[in-house]
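Chain by chain, the residues:
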Amino acid sequence: PQWVLSDGMLLNEFDEELVEWVQGFLVPDNFRILLAARELDVDFDLTEKYYGVSYRVDVIPEELMRDLRGELHFDELSLPEPNLFIPDNLEVKGQKTSAEPGAEPALLKLAEGLELWFKQDDRFFLPRGEVRINVENPRAYESPLSSILSQLFVLVLKDSLSEITYDAQVAGLWFDIHESVDGFSITVDGFNDKLPQLLRILLTTIKNYKVDDTQFEVYSREVRKKLDNVRHAEPYNHVQTNTHYLNYATVWRYSDKLSAFSLVNKQRLQKFIDSLFEQTRIQMIVMGNFAEQDALDMADMVIDVLGSMPLPDYARQWSRVLLHNPGSYVHHATMPEDANVNSSIDVSIYTGLTQSDRERVVLDLTSIIIQEPFFDQLRTKEQLGYITYSSDRKYSDGYMTLRLLVQSESNPAYVSQRINHFVRGF
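Residues numbered from 1 in each chain as written. Predicted model: local features only at pLDDT ≥ 70, side-chain atom pairs only at ≥ 80, totals over all residues. Heavy atoms only, no water.

Colleague: Tell me about the overall build of the protein chain, residues and numbers included.
Modeller: A tally of regular secondary structure across the protein chain gives twelve helices and twelve strands. Whereas a compact globule of 426 residues would reach a radius of gyration of roughly 22 Å, the protein chain reaches 29 Å, over 25% beyond that. Its C-alpha atoms give the protein chain principal-axis dimensions of roughly 85 × 65 × 50 Å. In the protein chain, once contacts between residues fewer than 6 apart in sequence are set aside, the share between residues at least 24 apart is 77%. (Helix = DSSP H or I, 4+ residues; strand = E, 2+ residues; numbered from the N terminus. Rg over C-alpha atoms; globule rule 2.2 N^0.38 Å. Contact = heavy atoms within 4.5 Å.)

In structure tokens:
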């Protein structure tokens, strides 16, 4: 147990002489400087043998060498602060019994604005845990502009948390934050001892976040570039997005977001962040080496740090799936990139509802069985397209489909006929 935190590298003894010997090479007279840039206002008199790159070799200026031999002091070079996330207690709280391990988490608390689930580790008995939190707020995805602002918020937030990320990972902890159609999701896992402390720091940073000018410029440019590049994506990527658009009540396409991007600015982002936690609904599950009271304490901490008013049920943004009437439907869309000679066909065969355990299992089995013969017939034998695959798609609280996709230079109508012929004969 005393070696758990060694992270794959265990030092058995400290050799002071060896350390001093290595340090003896770290002197100003035993190094070279490599300087590379896109543009340099100097003359090059040498050419690299293999790649023909121009370069030059100079003696290090004496003034710089004199400074290096003198007493150097940099405030930026210092030992790091103590890592707050290194666990002190690796005690396992669960007790082994003859009973079978529990299969499902238990609903520990259901209150206005809070839904708390709990599952103690009764199988592996490790000093680890995981907490997942969904902070639900309908503003996060109510419009294309809100969707962009949510994405921007997560990007700048992760950048601000980079220092915490490093210390946490060194200490065996990990966290992730991402936006969703109904708000934001936070996941924290690793050694359970300092996990609540990490969670509090994350929530406090999220709640009190102030947008930095440089971060906003960098990441808003990155988001805009990604949206601009979507039009150059492969046809099978576009067809997947369109399929989601046709089956969900609310899906914002890249074109919708590009139309709204001119409204994005730092002030609007800050105002958006400040309003996200005015009213929320917290869905939370605590798993692993925790007791019930630990879960309740963490839930109270989440509510206290965010300081949100409960979100009423009637104000929740439900992820609604469109239920189509029986029949066959065809949706045609033109590729935004004219230079791409490929087309893509995505055939969705509706097979049942996700609420049925039996239908889900039957679809999973069918999807596995059909993968190889579908690929063999349309890709290997008929050579219709390099990208050919089948899978299943499950829409939350809605229909399930068996999905057959081909990207090809052939006429889409012909490829669609070949897919239908395969299905009828399978």
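Colleague: Now, about the packing of aromatic side chains: what can you tell me, with residues and values included?
Modeller: Aromatic rings considered in pairs are described by the distance between their centres and by the relative angle of their planes. Applying the stated rule across the entire model yields eight aromatic pairs. Ring geometry for W21 and F25: centres 5.0 Å apart, planes at 90°, overall edge-to-face. Classification of F25 as partly exposed rests on a relative accessible area of 42%. Each ring, one from Y141 and one from W252, has its centre 6.1 Å from the other, and the planes form 40°; the classification is tilted. (Phe/Tyr/Trp six-rings, centres within 6.5 Å; stacked < 30°, edge-to-face > 60°. Buried < 20%, exposed > 50% of the residue type's maximum accessible area, 1.4 Å probe, protein only.)

Colleague: Could you give me a rundown of the sheet that holds strand β12 (residues 399-408), with the residues and numbers involved?
Modeller: Spatial strand order, β10-β12-β11: three strands in an open sheet with antiparallel pairing. The open sheet has two edge strands, β10 (343-353) and β11 (387-394), and neither has a second partner. On average, adjacent strands in this sheet sit at an angle of 15° to one another, irrespective of strand direction. Sheet topology places β10 next to β12; ten bridges connect them, and they run antiparallel. (Pairing = 2+ DSSP bridges. Axes fitted to C-alpha atoms, helices over the stretch in contact; angles between N-to-C directions.)

Colleague: Which residues make up a negative patch on the surface, and what are the values?
Modeller: On the surface, a cluster of negative charge is contributed by E13, D15, E16, E17 and E20. Structurally, the position occupied by E20 is in helix α1 (residues 16-23). When its relative accessible area of 46% is taken as the criterion, E20 is described as partly exposed. (Patch = residues over 30% accessible without salt bridge, like charges linked within 9 Å, V, L, I, M, F, W, Y side chains within 5 Å. Areas by Shrake-Rupley, 256 points an atom, 1.4 Å probe, with all protein chains shown as cover. Salt bridge = Lys/Arg side-chain N within 4 Å of Asp/Glu carboxyl O. Lys, Arg positive; Asp, Glu negative; His and termini not counted. Charge placed at Lys NZ, Arg CZ, Asp CG, Glu CD.)

Colleague: Quick one: what's the story with helix α11 (residues 357-381), residue by residue and with numbers?
Modeller: For α11, spanning 25 residues, the distance from its first C-alpha to its last is 36 Å, which sits close to the expected 36 Å at 1.5 Å a residue. The sharpest bend along α11 measures roughly 35° and falls at I370, with the proline P373 sitting one to four residues further on. For α11, the set of buried residues is L363, S367, I370, F374, L378 and R379. If you follow the buried residues of α11, they end up packed against β10, β11, β12 and α12 (412-425). Positioned one or two residues after α11, Q383 has a phi angle of 50°, which is positive. (Expected span 1.5 Å × (residues − 1). Bend = angle between axes of the 7 residues up to and from the residue.)

Colleague: Quick rundown of the environment of N247? Include the residues and the values.
Modeller: Checked against the element boundaries, N247 lands in helix α7 (residues 235-247). With relative accessibility at 3%, the residue N247 sits in the buried group. Spatially, the C-alpha atoms of N247 and H324 are 8.4 Å apart, while their sequence positions differ by 77 residues. What N247 contacts, discounting residues up to four positions off in sequence, is R320, V321, L322, H324, Y350 and Y395.

Colleague: Now, about the side chain of S220: what can you tell me, with residues and values included?
Modeller: Note that S220 resides in helix α6 (residues 213-230). The buried category is assigned to S220, whose relative accessible area is 9%. Not counting residues within four places of it along the chain, the set of residues in contact with S220 comprises L152 and F261.

Colleague: Tell me what's going on with unusual backbone geometry, and back it up with residues and numbers.
Modeller: For F125, which is not a glycine, the phi torsion comes out positive at approximately 55°. Here F125 lies in the loop between β4 (114-120) and β5 (128-136). You will see that Q383, though not glycine, has its phi angle at about 50°, which is positive. Within the secondary structure, Q383 sits in the loop between α11 and β11. A relative accessible area of 54% places Q383 in the exposed class.

Colleague: For the pairing of β11, give the residues involved together with the corresponding values.
Modeller: Relative to β12, β11 runs antiparallel, the two being bridged by eight bridges. From the neighbouring strand, S391 faces β12, where its bridge partner is R403. Hairpin connection of β11 to β12: four residues between the antiparallel strands, including D397 at a positive phi of 55°.

Colleague: Now, about the pattern of salt bridges: what can you tell me, with residues and values included?
Modeller: Taken as a whole, this structure holds 23 salt bridges when the rule is applied. Between D228 and R224 there is a salt bridge; the shortest N-O distance is 3.2 Å. Of the two residues, D228 and R224 are both situated in helix α6; the distance of four residues between them amounts to about one turn of the helix. Classification of R224 by relative accessible area gives partly exposed; the value is 34%. The salt bridge involving E382 is made with R418; its shortest N-O contact spans 3.0 Å. Of this pair, E382 sits in the loop between α11 and β11 while R418 sits in helix α12; the two residues are 36 residues apart in sequence, bridging distant segments of the chain. Its relative accessible area of 22% is what places R418 among the partly exposed residues. Within this structure, D29, E62 and R69 form a network of salt bridges that share partners.

Colleague: Explain the side chain of S275 to me, and be specific about the residues and the numbers.
Modeller: With respect to the helices and strands, the residue S275 is situated in helix α9 (residues 266-276). Judged by its relative accessible area of 8%, S275 is buried. Excluding residues within four positions of it along the chain, S275 makes contact with N137 and R139.

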